[in-house]
Amino acid sequence: MEPFTIQQATDASAAIQAVNATPGSKYIAGGTNLVDLMKMYVETPAVLVNINNLQLNQVEALPHSGVRIGALVRNSDLAYHPLIEKRYPVLLQALLSGASPQLRNMATTGGNILQRTRCPYFFDVSFPCNKRTPGSGCSAIKGYNRSNAILGGSDHCIATHPSDMCVAMAALDAGIRLKGPDGERVVPFTDFHLLPGDTPEKETVLKPGELITAVDLPPLHHAAKSHYLKVRDRASYEFALASAAVVLDMEDGQIRSGRIALGGVGTKPWRAVKAESLLKGRPSEELFGAAALAALEDAKAQTYNGFKIELAKRTLIRALAIAGGIA
Ligand SMILES: Cc1cc2nc3c(=O)[nH]c(=O)nc-3n(C[C@H](O)[C@H](O)[C@H](O)COP(=O)(O)OP(=O)(O)OC[C@H]3O[C@@H](n4cnc5c(N)ncnc54)[C@H](O)[C@@H]3O)c2cc1C
Ligand code: SF4
C-alpha cells in the first residue's frame, strides 16, 4: 500500500472541502472496496477523508410513501429496515444476496453504488487495463472473460458492474442525491453510471469532489409484487453471473406494467426498457419468454461468457414468474 494520510470530517461541507483541497483525495466509508484496491495498488489516494461521522445514516419516510436512504446507511441496516421490508422487498432481497453478513455490516449505500468492477485484470496491476490505465489496452477481451459483461461493452472495456443493490435501485427508479462544490443535485439512478465507450475510466457522472448524500426511492405501491433473483457459482459470498430485479404492477391477475433490471451481465446496472414494454396482460411463460428475448437481444458474447446469454434469460423468466405468481 502507498503511504496516505487520513482526515476526519464531521459534516458534508467540510468533507467536500477536504477532498477538493488535495488532488487524488478520496472519501472513505465502509472501506470494504477501497482498502482492497489500495492493498493491490489499484487505487493510490494520498489522502482519505473519513466520512463515517457525517449524519447520513438515517432511513426516513418521505411524504407520499417514498423513502430516503442516507449514504452511510449500512447494507445490513437497510435490508432489515421495516420501511424497506414492507415497501421494497426487491431491495431487501438484493441486499441480502450480496457479499457476506460481515461485509454488509460495513458496506454503505454510497460505497456500494461506487464499488468498482471485479474484472480480474483490473485488480492485477501487472496486466494492461484501460479502466485502470487509460490507453493501455483491455486484457479481458482476448483473455479469460467468463465473468465479464455481455451488455453495454465496447472495444475498450467489457467490465461487469458488480453490485446487487444497484440492480434493485435501477428497477425502482431511485434518485441519487449529490452534494458538491457547486451545490446539490439529484441524478436518476439509470443515468448515474456510464457505459465504458472509449473512456472506461470514467464510470459515473459524479463531478470532482461530489459526495453522495442519499438515495431517494419513489412511492411505488405495487413494489410488493417484485423479486430479485441472483445466480452465481456458489450460494453465498459470490458475485452474480446473472441476476434480475423485477417489479410488476398488477390488477385482477393482469400485468399493467413492469420494470426489469439485470445484474452480472451489464457494464452498468442494466435496465431492460424494451423488454418492459412487452410486459402487459396475463402472466405466462410465453409472455416472460418474449420479454427475456428482448432483454438479451443486444447481448454480445466473448470467448468464455456466451453461457451468460441463456443464463440471464432463464434468470429473468424465473424472477418474472415468481413476481407474477405463476411459480
Ligand atoms: C469478498 C467480497 C465480496 C463481495 N460480494 C458482493 C456481492 O455479492 N454483491 C455486491 O453487490 N457487492 C459485493 N461486494 C462489494 C461490497 O458491497 C462493496 O465493497 C461495498 O458495498 C462498498 O461500500 P463501502 O462503504 O465499504 O465503500 P468504500 O470501500 O468505503 O468506498 C468505495 C468507493 O466509494 C467512494 N465513496 C464511498 N462513499 C461515498 C459517498 N457517500 N460519496 C462519494 N463517494 C463515496 C469511495 O471513495 C470509494 O471510491 C463484495 C465485497 C467483497 C470484499
Ligand atoms: S474489461 Fe475493463 S476492467 Fe477488465 S481489463 Fe478490460 S478495460 Fe480493464
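This section reports on the structure supplied with the text. Source: prediction; values computed, not measured.

**Comments concerning the site of ligand 1**
In the vicinity of ligand 1 lie 32 residues, with Tyr27, Gly31, Thr32, Thr108 and Asp164 positioned nearest. Ala99 places a main-chain nitrogen or oxygen 2.9 Å from an oxygen atom of ligand 1. For ligand 1, a nitrogen atom lies 2.7 Å from a polar atom in the side chain of Asp164. Taken by itself ligand 1 offers 980 Å² of open surface, and the protein chains cover 94% of this. Only strand S2 (26-28), helix H2 (34-39), helix H7 (109-113) and strand S8 (211-217) provide two or more residues apiece to the shell around ligand 1.

**Observations regarding helix H5 (residues 89-96)**
Two residues of an α-helix separated by three or four positions point the same way, owing to the 3.6 residues in each turn. Most of H5 sits out of view: six of its eight residues are buried. Those residues of H5 not exposed but buried are Pro89, Val90, Leu91, Leu92, Ala94 and Leu95.

**Some thoughts on the site of ligand 2**
The immediate surroundings of ligand 2 are formed by 14 residues, with Cys119, Cys129, Cys138, Cys157 and Ile158 found nearest. Broken down by class, the residue content of the shell around ligand 2 amounts to nine nonpolar, four polar and one charged.

**Describing the sheet that holds strand S4 (residues 59-61)**
One open sheet holds the five strands; their spatial order is S4-S5-S8-S6-S7, and the pairing between them is antiparallel. The open sheet has two edge strands, S4 and strand S7 (183-188), and neither has a second partner. Ignoring strand direction, the axes of neighbouring strands in this sheet form an average angle of 20°. In terms of strand pairing, strand S6 (residues 175-180) meets S7 through six bridges, oriented antiparallel. Within S7, the position partnered with Lys179 by the bridge is Glu184. Packed onto the sheet, helix H1 (residues 12-21) meets S6 and S8 and runs at close to 70° relative to S6.

**Remarks on a nonpolar patch on the surface**
Residues Met1, Phe4 and Ile6 make up a contiguous nonpolar surface patch of about 270 Å² in total accessible area. Secondary-structure assignment places Phe4 in the segment before strand S1 (5-8). On the basis of relative accessibility, which here comes to 32%, the residue Phe4 falls in the partly exposed class.

**Brief notes about the packing of aromatic side chains**
In this structure the tally under the stated criterion is three aromatic pairs. Judged by centre distance (5.0 Å) and plane angle (70°), the ring pair of Tyr121 and Phe127 falls under edge-to-face. In this structure Tyr121 comes out as buried when scored by relative accessible area, which is 13%. Residue class for Phe127 comes out partly exposed when judged on its relative accessible area of 36%. Centroid distance Phe122 to Phe123: 6.1 Å. Interplanar angle 80°. Geometry classified as edge-to-face. Here Phe122 matches Phe123 in class, with each residue buried.

**Some thoughts on unusual backbone geometry**
Here His64, not a glycine, exhibits a phi torsion of approximately 65°, which is positive. Positionally, His64 belongs in the loop between S4 and strand S5 (67-70). Although it is not a glycine, Ala99 adopts a positive phi angle of roughly 50°.

**Concerning the sheet that holds strand S12 (residues 270-271)**
Hydrogen bonding along the main chain pairs the strands of a sheet, whether they run parallel or antiparallel. Across the sheet, which stays open at both edges, the four strands sit in the order S9-S10-S11-S12 with antiparallel pairing between neighbours. This sheet does not close on itself; its edge strands, each paired only once, are strand S9 (226-231) and S12. Of the pairings in the sheet, the one linking strand S10 (residues 242-251) to strand S11 (residues 254-263) comprises nine bridges and is antiparallel in character. If you follow Ala245 over to S11, its bridge partner there is Ala261. Against the sheet, H5 touches S9 and S10, its axis set at about 20° to S9.

**Re helix H12 (residues 285-295)**
By the burial criterion, the buried members of H12 are Leu287, Phe288, Ala291, Ala292, Ala294 and Ala295. Projected onto a plane normal to the axis of H12, the buried residues spread over an arc of 160° and lie on a single side. Residues Glu286 and Leu293 are exposed on H12 and point more than 90 degrees away from its buried face.

**With respect to the nonpolar core**
Here is a general trend for soluble globular proteins: nonpolar side chains tend to be buried in one another's company. With 53 residues, the main nonpolar core has Ile69, Leu91 and Leu217 as its most contacted residues. With seven residues, helix H9 (residues 165-171) is the largest single contributor of residues to this core. For Ile69, the residues in contact, after removing those within four places along its chain, are Gln58, Leu78, Ile84, Leu91, Thr109, Met169, Thr213, Ala214, Val215 and Leu217. Judged by nonpolar contacts, the second largest core, of 30 residues, contains Leu248, Ala292, Leu296 and Leu320.

Each value, and the rule that gives it
Residues numbered from 1 in each chain as written. Chains lettered and ligands numbered in written order. Predicted model: local features only at pLDDT ≥ 70, side-chain atom pairs only at ≥ 80, totals over all residues. Heavy atoms only, no water. Near = heavy atom within 4 Å. Polar contact = N/O pair within 3.5 Å; in protein donor to acceptor, adjacent residues only side chain to side chain. Areas by Shrake-Rupley, 256 points an atom, 1.4 Å probe, with all protein chains shown as cover. Helix = DSSP H or I, 4+ residues; strand = E, 2+ residues; numbered from the N terminus. Buried < 20%, exposed > 50% of the residue type's maximum accessible area, 1.4 Å probe, protein only. Nonpolar A, V, L, I, M, F, W, Y, C, P; charged D, E, K, R; others polar. Pairing = 2+ DSSP bridges. Axes fitted to C-alpha atoms, helices over the stretch in contact; angles between N-to-C directions. Contact = heavy atoms within 4.5 Å. Patch = residues over 30% accessible without salt bridge, like charges linked within 9 Å, V, L, I, M, F, W, Y side chains within 5 Å. Salt bridge = Lys/Arg side-chain N within 4 Å of Asp/Glu carboxyl O. Phe/Tyr/Trp six-rings, centres within 6.5 Å; stacked < 30°, edge-to-face > 60°. Arc of directions from axis to C-beta. Core = buried A, V, L, I, M, F, W, Y, C linked by side-chain atoms within 4.5 Å.

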